[in-house]
Each structure stands twice: as C-alpha cells, then as structure tokens.
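Residues per chain, in single letters:
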Amino acid sequence: MTASNLSYRLRPYLAVRRDAVYRSRDRFNTVYTWYSRRFNLGTERHATGTCNVIAHSGHVFASLDQSMSVMMCDTPEGPMAFVTRTLSIRYPEWLRAALPGI
C-alpha cells in the first residue's frame, strides 16, 4: 500500500512538501534500520506505543533547507512508514522588502 500527497506554500517562505505512507511485509526492525541509514535520520526522536519517530533537518545549499521525518508504526498487517519530506527556500531580505506580500 502506498499513498502520497504533494503540497506547497509561498509564505513565510517557499516550501514544497511531500507526504507519503508505505506498508511493508518486512520486519519492523528491518524497515526502521533501512530508513534510519538510507536518509541519515539517526536514532528515534521519541516513541509512543508501537510508533517511533526519526527525523533530520539541515541546510543543503545557499538558502535551501531540507527536513525529513519518518514515523514508523508496527501494525498487525506489517510496519507502516509515514514519511514527510520538505524542501524550503528562504527568501533573501532584499526580496522580502521589495515584495511585502511574501
């Protein structure tokens, strides 16, 4: 099972966000380790019940930032991963001053 959504916003800065949900037949630990290593998310930020959240945010280049989080939940049908990835561009001060609407 896979579901996905793409959205964007212009204020207070340009951001493009993709949300997706995946279900796997692999063991929970296998899926958790794959996301943690593949996207350099590190260890869990917090856990509640059968769900763990792993995340990472960072500066990519110039005014481009990226953040990613994965909430992993163990369900009777197999692990589910709720993935959010956001790329954002911070407007420079001169542009924000010239265009007060952004």
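Above this text you will find the structure in question.
Conventions and cut-offs
Residues numbered from 1 in each chain as written. Predicted model: local features only at pLDDT ≥ 70, side-chain atom pairs only at ≥ 80, totals over all residues. Heavy atoms only, no water. Helix = DSSP H or I, 4+ residues; strand = E, 2+ residues; numbered from the N terminus. Rg over C-alpha atoms; globule rule 2.2 N^0.38 Å. Buried < 20%, exposed > 50% of the residue type's maximum accessible area, 1.4 Å probe, protein only. Areas by Shrake-Rupley, 256 points an atom, 1.4 Å probe, with all protein chains shown as cover. Pairing = 2+ DSSP bridges. Core = buried A, V, L, I, M, F, W, Y, C linked by side-chain atoms within 4.5 Å. Contact = heavy atoms within 4.5 Å. Disulfide = S-S within 2.5 Å. Salt bridge = Lys/Arg side-chain N within 4 Å of Asp/Glu carboxyl O.

Trainee: An account of the overall build of the protein chain is requested, with residue identities and associated values reported.
Mentor: Counting secondary structure elements, the protein chain contains 2 helices and 6 strands. Against the globule reference of 13 Å for 102 residues, the protein chain gives a C-alpha radius of gyration of 17 Å, more extended than a compact globule. Scored against the burial criterion, the 102 residues of the protein chain give a buried share of 31%. Of the roughly 7200 Å² of accessible surface on the protein chain, a fraction of 56% belongs to carbon and sulfur atoms.

Trainee: Go over the environment of Arg27, please, and point to the residues and values.
Mentor: If you trace the backbone, Arg27 turns up in the loop between β2 (14–23) and α1 (28–38). By relative accessible area, which is 58% here, Arg27 ends up exposed.

Trainee: Go over unusual backbone geometry, please, and point to the residues and values.
Mentor: The phi torsion at Asn40 lies on the positive side, around 50°, for a residue other than glycine. As for its placement among the helices and strands, Asn40 is situated in the loop between α1 and β3 (46–48). Classification of Asn40 by relative accessible area gives exposed; the value is 55%.

Trainee: How would you explain the pairing of strand β4 (residues 51–61) if you had to name every residue and give the values?
Mentor: Sheet analysis places β4 next to strand β5 (residues 64–73), joined by 10 bridges and oriented antiparallel. Residue pairing in the sheet places Asn52 in a bridge with Met72 of β5. Counting the residues in the hairpin turn of β4 and β5 gives 2 residues, including Ala62, whose phi is positive at 45°.

Trainee: Account for the nonpolar core, naming residues and giving values.
Mentor: Grouped burial of nonpolar side chains is what soluble globular proteins tend to show. Counting 12 residues, the largest nonpolar core is built from Phe28, Val31, Tyr32, Tyr35, Phe39, Leu41, Ile54, Met68, Val70, Met72, Ala81 and Val83. At the level of secondary structure, the elements contributing two or more residues to this core comprise α1, β5 and β6 (80–89). A per-element tally of this core places α1 first, with 4 residues. Aside from chain neighbours lying at most four places away, what touches Val31 is Ser24, Asp26, Met72 and Pro79.

Trainee: Could you give an account of the state of the cysteines, naming the residues involved and the relevant values?
Mentor: Tallying each qualifying case throughout the model produces 1 disulfide. A sulfur-sulfur separation of 2.0 Å characterises the disulfide bridge that pairs Cys51 with Cys73. Disulfide Cys51 to Cys73: torsion about the S-S bond roughly 115°, handedness right-handed. With Cys51 in strand β4 and Cys73 in strand β5, this residue pair connects regions lying 22 residues apart in the sequence. Overall, the relative accessible area of 16% leaves Cys51 in the buried class.

Trainee: Got a sec to walk through the pattern of salt bridges? Specific residues and values, please.
Mentor: Throughout the structure, instances matching the rule amount to 3 salt bridges. Measuring nitrogen to oxygen at the nearest pair gives 3.7 Å for the salt bridge that ties Arg23 to Glu77. Within this pair, whereas Arg23 is found in strand β2, its partner Glu77 is found in the loop between β5 and β6, the two being separated by 54 residues in sequence. Relative accessible area serves as the criterion here: at 30%, Arg23 is assigned to the partly exposed category. According to the relative accessible area criterion, Glu77 is exposed, its value standing at 56%. Here Arg90 ties to Asp65 by a salt bridge, and the two come within 3.2 Å at their closest N and O atoms. One end of the pair, Arg90, is in the loop between β6 and α2 (93–98); the other, Asp65, is in strand β5, with 25 residues separating them in the sequence. Taking relative accessible area as the criterion, Asp65 reaches 16% and is therefore assigned buried.

Function-wise, these values are silent; they only describe arrangement.
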